[in-house]
Amino acid sequence: MSAVDLAELRPCLEGAIPAMMATCATDGTPNVAYLSQVFYVDERHVALSFQFFNKTRKNLLAQPCSTVLLLHPLTACFYRLHLRYLRTEDSGPVFESMKAQLSGIASHSGMSHVFRLLGSDIHEVCDIERVPGDPSSVPLPPAPPRCNLLGALRRGSARLAACATLDALLDATLQTLEQDLGVAHAMVLILDPVTERLYTVASRGYATSGVGSEIALGDGVIGVAARERTPVRIMHMASADLYSRALRESLAGDGSAAISTDIPYPGLPEPRSQLAVPLLSAGRVLGVLFVESPLDLQFSFEDEDLLVTLGGQLAAGIDLMQDSAEPCADAPGPEHTAAPVKAPAGPPLQVRHYRSNDSVFVNNAYLIKGVAGAILWKLLQDGQRQGRREFTNRELRLDRALRLPDVADNLEARLLLLQRRLAEQCPQLRIEKTGRGCFRFDTAGPVELEDIAG
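For clarity, every value in this text was computed on a predicted model and none was experimentally measured.

Q: Help me understand the pattern of salt bridges, please; the structure alone is not making it clear to me.
A: Two side chains that carry opposite charge are able to pair once their charged atoms sit near each other. Under the counting rule described, the total for this entry stands at 29 salt bridges. Between glutamate 89 and arginine 87 there is a salt bridge, with the nearest N and O atoms lying 3.1 Å from each other. According to the relative accessible area criterion, arginine 87 is partly exposed, its value standing at 41%. Across the pair arginine 388 and aspartate 382 runs a salt bridge whose closest N-O atoms are separated by 3.5 Å. Each member of the pair, arginine 388 as well as aspartate 382, carries the same accessibility label: buried.

Q: For this particular structure, what's the right way to read the sheet that holds strand E14 (residues 273-281)?
A: Note: strands within a sheet are paired through backbone hydrogen bonds, in either parallel or antiparallel orientation. A sheet is described by the order of its strands in space; here six strands give the open sequence E10-E9-E8-E15-E14-E11, paired in antiparallel fashion. Two strands lie at the open edges of the sheet, namely strand E10 (214-216) and strand E11 (232-234), each paired on one side alone. For this sheet the average axis-to-axis angle between neighbouring strands, irrespective of direction, equals 25°. The sheet strands contacting helix H5 (residues 166-181) are strand E8 (185-192), strand E9 (197-204) and strand E15 (284-293), and the helix crosses E9 at an angle near 60°. Relative to the sheet, helix H10 (residues 411-425) contacts E8 and E9, its axis offset from that of E9 by approximately 55°.

Q: Which parts of the structure should I look at to understand the nonpolar core?
A: If you look at soluble globular proteins, the nonpolar side chains tend to sit buried side by side. In terms of nonpolar packing, the biggest core is built from 65 residues, with Leu177, Leu307, Ile375, Leu376, Leu422, Leu429 and Phe441 touching the most fellow members. Among the elements that line this core, the one with the most residues is helix H8 (residues 370-386), at eight residues. If near-sequence neighbours (up to four positions away) are discounted, leucine 422 is found in contact with Leu367, Leu376, Pro427, Leu429, Ile431 and Phe441.

Q: Looking at this structure, how should I read the sheet that holds strand E22 (residues 447-452)?
A: Here we have four strands laid out as an open sheet, ordered E18-E17-E16-E22, and mixed in their pairing. Two strands bound the open sheet, and with one partner strand each, they are strand E18 (365-368) and E22. Taken pair by pair, the neighbouring strands of this sheet meet at an average axis angle of 30°, ignoring direction. Relative to strand E17 (residues 359-362), strand E16 (residues 349-354) is paired through four bridges, and the arrangement is antiparallel. Each residue of the ladder has a partner; that of tyrosine 354, found in E17, is serine 359. Contacting E16, E17, E18 and E22, H8 crosses the sheet at an angle of about 130° to E22.

How each quantity is defined
- Note on numbering: residues in each chain are counted from 1, in written sequence order.
- Per-residue local features are limited, in this predicted model, to residues with pLDDT of at least 70; the limit for side-chain atom pairs, both in listing and counting, is 80 or more; totals at the level of whole chains, interfaces and linings are taken over all residues.
- By convention in this description, side-chain values take in all heavy atoms of the structure and omit both hydrogens and water.
- The salt bridge criterion pairs a side-chain nitrogen of Lys or Arg with a carboxyl oxygen of Asp or Glu, the two atoms within 4 Å.
- Exposure is judged per residue with a 1.4 Å probe applied to protein chains only, and the accessible area is read against the type maximum: over 50% gives exposed, under 20% gives buried, and values in between give partly exposed.
- Strand pairing follows a simple DSSP-based rule, namely that at least 2 bridges must link the two strands.
- Where helices and strands are cited, they refer to DSSP runs of H or I of at least four residues and of E of at least two residues respectively, numbered from the N terminus.
- Interaxial angles span 0 to 180 degrees and are taken between N-to-C directions of axes, which are lines fitted to C-alpha atoms, for helices over the stretch in contact.
- It only takes one pair of heavy atoms within 4.5 Å for two residues to be counted as in contact.
- Here, the term nonpolar core denotes a set of buried Ala, Val, Leu, Ile, Met, Phe, Trp, Tyr and Cys residues that are joined through side-chain atoms within 4.5 Å.

What follows is the structure, encoded as structure tokens:
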């Protein structure tokens, strides 16, 4: 390996300028073709996009050695890579990341019908050369330095380390992105391993928060990042159809009509740059940290590296909050029965619960579903039947009717989702944290409950 390493070439691998690849047939005939992608895998390997059964492909399978010419988009310096073909992958993290990036390149160039990734050709980088240019020409100066990313990461890490609640942890993450990195549009989604869907628990920079909106595992850059456990970054304009729609669902009420339980996804209508980073802890995917921009070329590999690091600390913090949520010593348990509390005056809230998916409607408006909906229904029932206001996380975990997963139940995230959803859509119902693993549930008016089996 030469003194030049792939780190120096990373800006060349962003897809801004097509690369040229030279191969040779068995009879010695050379062939040169343009490449859509040269993708960074690690410090000794790159992946090239396999899209067509052409002369280049035939030469590569017959003789695995090739050269690739790259142009630095900022300094206009040329580099030559000497490669050796190893294998082709048609699934997995590298393939899915390249596929997502290629869709951005294709839509940016108006060639979506032509650009289709058949595989990711993995090559070993045997040598790298700086190609000397015209002696009379002077290379362009390097780009001005960005903000101190390491300093931004340090400040963000300090914020996260000071957090004692999941609410504060999510806000600290979004604050770091906005204040230290200038990222105006961001969100955090948590994975429900049972339904294989990601639900939004926090966002910043959108007209509506979208708390509770859902993305299916494998859907768009967010779903692919979670499914493949790898960052997915798009630098050019991409279709928002797969990325910005929450899957619409319906359930039968009295059998005569379908009722929508869709919370609008808060993403940009026309994103031009997107980066999704999986939140990984102890070998598990907890969720996704997602950023986007209405401008092209907004998130570089340096941003990706920083968000992966920040996301790792966020994931560890989410796990820590989950494990440390012990109940308050003086909190009443589920066996406690208080005297009924006189309901406040005012028009009653009509709350309807559907057992089929635990969706909850308030005054005919959809509020929440799933485990969060089941929790809300329990709180309402216990409040009405027993006059209870104080609850603990522990009793929720022990309540089999809530159908929490035995492992990684994400109860803290589900409670935070419910708390924020109530604050936005139904302030007459309020969850207030009173201590570690303890909270109070209050109703600001009379409530009428209706449980529907369908």
